[in-house]
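An overview of the molecular structure
Here are the chains, one letter per residue:
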Amino acid sequence: MAEPFFRMLEIVVPRVVNANGPHLTIEGLENIPEHGGAVLALNHTSYLDWYPGSIAALRRGRRLRFMIKAEMTRVPVVSYVIRHVKLIPVDRSAGSGAYDVAVRKLRDGELVGLHPEATISRSFELREFKTGAVRMAAAAGVPIIPVIVWGIHRVWTKDHPKHLWRNHIPVLAKIGTPITPSGDIEATTAELRDTMVAMLEQAQLQYPHPSGAYWVPRRLGGSAPTMAEALRMREAELAERDRKRLKRGKR
């Protein structure tokens, strides 16, 4: 493999994580193809969901090109990483450019990772899915691989402190059987979500959930927001973002 910066990260980052936690278990690794393009669709509960997906790809001798919100390019260090790891910045107001880049990479035989939910789920349940993952897989003629990550939200998620060092938190990644997109984008998106809902429930059954913990979904006895509460929080967040943007525009 070329790309010396990427190779350096592949050597250094897993060693740092192994020393500090979290401790990652991956099931279904064989479902990631050793060759050829594929879309990896991951649930989104954390700022670190990319890590288990990337490690899974690495263990198959692959590299995962994640789609990342374009705002992150404004952070110099992150922008450097994005360029040298060849991530795909997504401008949510004009996403067609990123879509075209992703389809091209898939046709070139690469793995592309993204979150069909588009944003972090504060309820830690699956939000409604956008159709982008299925549309790009269909356009490139590649499969979609459902991936559920559980536990990484205990390390770093919205509205809660980070626990990046010496955390020793168990993280489970379940990789499902590849799905071939049909001509019906909406139907395949529904199939993908239904599959990931079942996988998420399986992952949660394998994981201990202390009563009242902020990172445990309400239906499992935790204190995480319900889906309805999380949606209201998201609406308030977007309204505040719009207010600040409008205020800056008036200056």
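Anyway, here's the lowdown on the structure attached to this text. For clarity, every value in this text was computed on a predicted model and none was experimentally measured. (Residues numbered from 1 in each chain as written. Predicted model: local features only at pLDDT ≥ 70, side-chain atom pairs only at ≥ 80, totals over all residues. Heavy atoms only, no water.)

**Here we look at the overall build of the protein**
A tally of helices and strands in the protein yields seven helices and seven strands. Listed by position from the N terminus, the elements making up the protein come as α-β-β-α-β-α-β-α-β-α-β-β-α-α. A globule of 251 residues ought to have a C-alpha radius of gyration of about 18 Å, and the protein, at 18 Å, matches this closely. For the protein, the spread of C-alpha atoms along the principal axes amounts to about 50 × 45 × 40 Å. Taken across its 251 residues, the protein has 46% of its residues classed as buried. (Helix = DSSP H or I, 4+ residues; strand = E, 2+ residues; numbered from the N terminus. Rg over C-alpha atoms; globule rule 2.2 N^0.38 Å. Buried < 20%, exposed > 50% of the residue type's maximum accessible area, 1.4 Å probe, protein only.)

**Description of the pattern of salt bridges**
Tallied over the entire structure, the rule returns 15 salt bridges. One salt bridge in this structure joins Glu-3 and Arg-65, with 2.7 Å as the shortest N-O distance. Linking Glu-3 in the segment before helix H1 (4-20) with Arg-65 in strand E3 (residues 64-69), this pair joins segments that are 62 residues apart in sequence. Look at Glu-3 and you get buried, because its relative accessible area is 16%. The shortest N-O distance in the salt bridge between Glu-229 and Arg-218 comes to 2.7 Å. With Glu-229 in helix H7 (residues 227-249) and Arg-218 in the loop between helix H6 (185-205) and H7, this pair connects stretches of sequence that are eleven residues apart. Beyond isolated ion pairs, a larger network of salt bridges with shared partners links Glu-3, Arg-7, Glu-10, Arg-63, Arg-65 and Glu-110. (Salt bridge = Lys/Arg side-chain N within 4 Å of Asp/Glu carboxyl O.)

**Thoughts on the packing of H1 against helix H2 (residues 50-59)**
As a packed pair, H1 and H2 sit with axes 12 Å apart at the nearest point and diverge in direction by 125°. In terms of their interaxial angle, H1 and H2 are classed as oblique. Taken as a pair, H1 and H2 cross one another with a handedness that is left-handed. Taken together, the residues of H2 that come into contact with H1 (itself represented by Glu-10, Val-13, Pro-14 and Val-17) are Tyr-51, Ile-55 and Leu-58. Here the contact of H1 with H2 is built from residues that sort into six nonpolar, no polar and one charged. (Axes fitted to C-alpha atoms, helices over the stretch in contact; angles between N-to-C directions. Parallel < 35°, antiparallel > 145°, perpendicular 65-115°, else oblique. Left-handed = near helix turned anticlockwise from the far one by under 90°. Contact = heavy atoms within 4.5 Å. Nonpolar A, V, L, I, M, F, W, Y, C, P; charged D, E, K, R; others polar.)

**A look at the environment of Ser-123**
Mapping Ser-123 onto the fold places it in the loop between strand E5 (111-114) and helix H5 (132-140). Separated by 86 residues in the primary sequence, Ser-123 and His-209 place their C-alpha atoms 14 Å from one another. Excluding its chain neighbours within four sequence positions, the residues that come into contact with Ser-123 are Pro-217, Ala-224, Pro-225, Thr-226, Met-227 and Ala-230.

**Brief notes about the packing of H5 against H6**
The interhelical angle for the contact between H5 and H6, taken along N-to-C directions, is 120°, at an axis separation of 9 Å. By the angle between their axes, H5 is oblique relative to H6. Here the hand of the crossing between H5 and H6 comes out right-handed. Listed contacts from H6 to Val-134, Arg-135 and Ala-138 of H5 are Ile-185, Thr-188, Thr-189 and Leu-192. For the contact of H5 with H6, the class distribution of residues is four nonpolar, two polar and one charged.

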